[in-house]
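# Working through the structure, step by step
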Amino acid sequence: MLCACSGEQFKFEEPEPPHSPESLATRDFSASGLSSRTGDWESKFEDIQVDEAESTLKEALSLNYEEARALLGRLEFQRGNFDAALQVFQGIDIRSLTPRMAKAIVERIRQKKPRPKGDHVLPNVMSMHSVSLLIEAILLKARSLGELGRFIEAAKECKVILDTVELALPNGMLDDICEDCKLQDMFHKALELLPSLWIKAGYLDEAITAYRRALVKPWNLEPKRLANVQKNLACTLLYGGVEASLPPQLQIWGTTMPKNNTEEAILLLLILIKKVALREIKWDPEIMDHLTYALSVTGLFELLADHVEQALPGLYRRAERWYFLALCYSACGQNEVALNLLKKVAGCSEGKNKPHFSSFLLGAKLCSQDPIHAREGIAFSRKAIDLVNHQCEHFMGQVHKFLGVCYGGAARASVLDSERMFFQRESLNSLNHAVRNEEEDPEVMFSLGLENAVQRNLDAAFNNAMKYSDMMAGSSGQGWKLLALVVSAEQRFKDAETIVEFALDEAGRVDQLELLRLKAVLQVAQEHPKQAIETYRILLTLVQAQRDLQAKNSEQEPTFHSEEFVGRNLEKEAWRDLANIYTKLGLWTDAEICVNKAKLIEFYSAHSWHTTGMLFEAQSQYREALISFSVSLSIEPDYVPSIVSTAEVLMKLGSQSLPIARSFLMNALRLEPTNHEAWLNLGLISKREGSLQQAADFFQAAHELQLSAPVQSFV
């Protein structure tokens, strides 16, 4: 065994060493003709025995003091005697040898080309065999310290290897630096070992520095090993919790340099993705997992979708790829694209494959957010329920919640009374079923309260809204808003305003803006226009302050995107509401200024043109009012307020226009059966036509609906 270690062709092995109690430093040597000395196999490791073994090795193999200890320490390490190996390695004065080792490597580079006969290596220069043997000894010493839990000392020893080789090779390692020795292989092992030792020691900054050190110069790492280093560095940057900015000497790309840990990790992961695409390394699903996390926390969902689409065929099942892409596009607000992808999963092309439950659930969720897709959401929910019954029962409450919301959306879009009543009944049944399965889920309770409010079940809606607020500990702006609207539907405007005042103290920035507008609308309902105007002034001031903040922090624009959208929308609503207030007060110029400001934000808005028509109607300019209402309906044909207002203007133009006005009102009621203004105008038409009993019925319906009408729409 010892003879096999002599000469240039020794081999550094990394077995899983058995932790044997036998120490080669305390046992007999009887190989290669060496004389035997019997020792106590269970005795303590002593320096004198090491010296004897050393002497024997030196005589048998013609080794010097350091090389003999290196060989003996390797044998101890291979047998799992880490304490013994460490004591052997401690006898090697590495610090004094590192300059000679670096000099030997430099000399090797200088003389790596074929030399003429008679040209010999300079005297007093260490052989590459000796350098490799000592590098191995340092590496094994570091590993022994690591096995003993002394990670800081192990990392410092491992760093000696990197410092020594980098001193000799400041520009990296040549391809043929180690044709006949294991120096390169051991150096690569040290490159990989050092950061892991620093991580175990708890020094993440040092670990990141070690990873970067392995990557900034060409060290001839194999593609797989290089990819592992890049992936490990990306993981440490993402999950380490330590912000480690790039040192000045690495900031060589100017403004394109990564500005933080996450950007550096994304850059590394994108490099790995490219290597996978070029078949330089094998597919590693962990790379995509880490990239997904990194791009998600930074909001770069479209970029993530691009890389998912570029993934080679066969890496994902089709359903999984479509689902992944749908998640990406829905996260960046492109719900239509996401739904189209999910329809592929639910289509006939996937009929022979295993149903993908997550896709059905996501499809139901997206459809529940838009009444236009309510019927498609019902289909998605039904498919999900079929699968829930067999494998995913813990999702039962969520699926029924989406189904109930989709039934409610379908009811509001339905034109047949019988169909609308069926959908409303099924909506409440599904949501009550969801509450029974998800008693602790506040969102289920909110959905049930909202649907009860829309169906004018005000007592049930109030109770649901109160339970939701209790579950959320009063921290939800939408809960307070629902509660205030339900109270306003009971014509308790002052109580509703008190609720809003209380909610303003607890609400976040976006909810605060919406609650301010609701407060102003409640003040208008109480006939306090001056107070409402002041509230709108505060609202517009806050919106402008938010816009200024976004301008100063342009780097955070993706973070504020949703807030910016809400702010612009509320600004439009505020100007239109102010225009209505000034119109009722007869301040035509002020009303016109306000409506024009709303149009500057969004010119093609059905609501803005409707407000313009109301201003003309108040001034008895009926022809101009009809034109404005027509423009509003050309933008949004089913905009009910403009339909009703058109009928009102036609009624003022004379009896010959009554049939046309009636048809407009009937269309409005088809779209919104609870619109009390439409019922009132129908009653007026019937009265003018002499149908008094019918008019009385219409007036009764208008009165009852007005008594339960909120100051704003529930949805």
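Residues numbered from 1 in each chain as written. Predicted model: local features only at pLDDT ≥ 70, side-chain atom pairs only at ≥ 80, totals over all residues. Heavy atoms only, no water.

Before going further, it helps to examine the overall build of the protein chain. Of regular secondary structure, the protein chain possesses 32 helices and zero strands. Relative to its 715 residues, the protein chain shows a buried fraction of 49%. As presented, the protein chain carries roughly 35,800 Å² of accessible surface, and 53% of it is formed by carbon and sulfur atoms. (Helix = DSSP H or I, 4+ residues; strand = E, 2+ residues; numbered from the N terminus. Buried < 20%, exposed > 50% of the residue type's maximum accessible area, 1.4 Å probe, protein only. Areas by Shrake-Rupley, 256 points an atom, 1.4 Å probe, with all protein chains shown as cover.)

What follows is about the pattern of salt bridges. Inspection of the entire model under this criterion finds 29 salt bridges. A salt bridge links Glu 573 to Arg 517; its shortest N-O distance comes to 3.2 Å. Of this pair, Glu 573 sits in helix α25 (residues 561–585) while Arg 517 sits in helix α23 (residues 509–525); the two residues are 56 residues apart in sequence, bridging distant segments of the chain. Taken as a pair, Glu 573 and Arg 517 share a single burial class, namely buried. Connected via shared salt-bridge partners are Lys 159, Asp 163, Glu 166, Arg 213 and Lys 217. (Salt bridge = Lys/Arg side-chain N within 4 Å of Asp/Glu carboxyl O.)

Between the first and last C-alpha of helix α8 (residues 204–215) there are 17 Å, a value that for twelve residues agrees with the 16 Å anticipated at 1.5 Å per step. Those residues of α8 that fall on the buried side of the exposure criterion are Leu 204, Ala 207, Ile 208, Ala 210, Tyr 211, Arg 212, Arg 213 and Ala 214. On its buried face, α8 sits against α6 (151–168), α7 (183–201), α9 (223–239) and α10 (261–277). (Expected span 1.5 Å × (residues − 1). Contact = heavy atoms within 4.5 Å.)

On to the nonpolar core. Soluble, globular proteins show a tendency: their nonpolar side chains are buried together. Membership of the largest hydrophobic core comes to 113 residues, with the highest contact counts inside it found for Ile 92, Met 101, Ile 105, Val 131, Ile 161, Phe 187 and Met 288. Of the residues forming this core, the biggest block, eleven residues, is contributed by helix α5 (residues 128–147). With 56 residues, the next largest nonpolar core counts Leu 431, Leu 518, Val 566 and Leu 570 among its residues. (Core = buried A, V, L, I, M, F, W, Y, C linked by side-chain atoms within 4.5 Å.)

On to the packing of helix α22 (residues 493–506) against α23, then. Remark: α22 packs on α23, axes separated minimally by 9 Å, with the N-to-C direction vectors making an angle of 160°. Relative to α23, the element α22 is oriented roughly antiparallel. At the point where α22 passes α23, the crossing takes the left-handed sense. Between α22, through Phe 493, Ala 496, Glu 497, Val 500, Glu 501, Ala 503 and Leu 504, and α23, the contact on the second element is made entirely by Gln 512, Leu 515, Leu 516, Leu 518, Lys 519, Leu 522, Gln 523 and Ala 525. For the contact of α22 with α23, the residue count by class is ten nonpolar, two polar and three charged. (Axes fitted to C-alpha atoms, helices over the stretch in contact; angles between N-to-C directions. Parallel < 35°, antiparallel > 145°, perpendicular 65-115°, else oblique. Left-handed = near helix turned anticlockwise from the far one by under 90°. Nonpolar A, V, L, I, M, F, W, Y, C, P; charged D, E, K, R; others polar.)

Turning next to the UniProt feature "repeat: TPR" (unreviewed entry) in the protein chain. According to UniProt, the "repeat: TPR" (unreviewed entry) feature falls on residues 606–639 and 676–709. Across residues 676–709, the secondary structure splits into 85% helix and 0% strand, with the terminal C-alpha atoms separated by 8 Å. (UniProt positions renumbered as here; feature names shortened; annotations may be inferred.)

Before going further, it helps to examine the state of the cysteines. Across all of its chains, the model carries zero disulfides by this definition. Cys 367 takes part in no disulfide bond, and the closest cysteine sulfur to it belongs to Cys 406, at a distance of 5.8 Å. Of the residues examined, Cys 367 reaches a relative accessible area of 1% and is grouped as buried. (Disulfide = S-S within 2.5 Å.)

Right, let's talk about helix α16 (residues 374–388) for a bit. For α16, which comprises 15 residues, the first-to-last C-alpha distance of 20 Å matches the rise-based estimate of 21 Å (1.5 Å per residue) to within 8%. Within α16, the full set of buried residues consists of Ala 374, Gly 377, Ile 378, Phe 380, Ser 381, Ala 384, Ile 385, Leu 387 and Val 388. Those residues of α16 that are buried lie in contact with α14 (335–346), α15 (357–368), α17 (396–413) and α18 (417–437).

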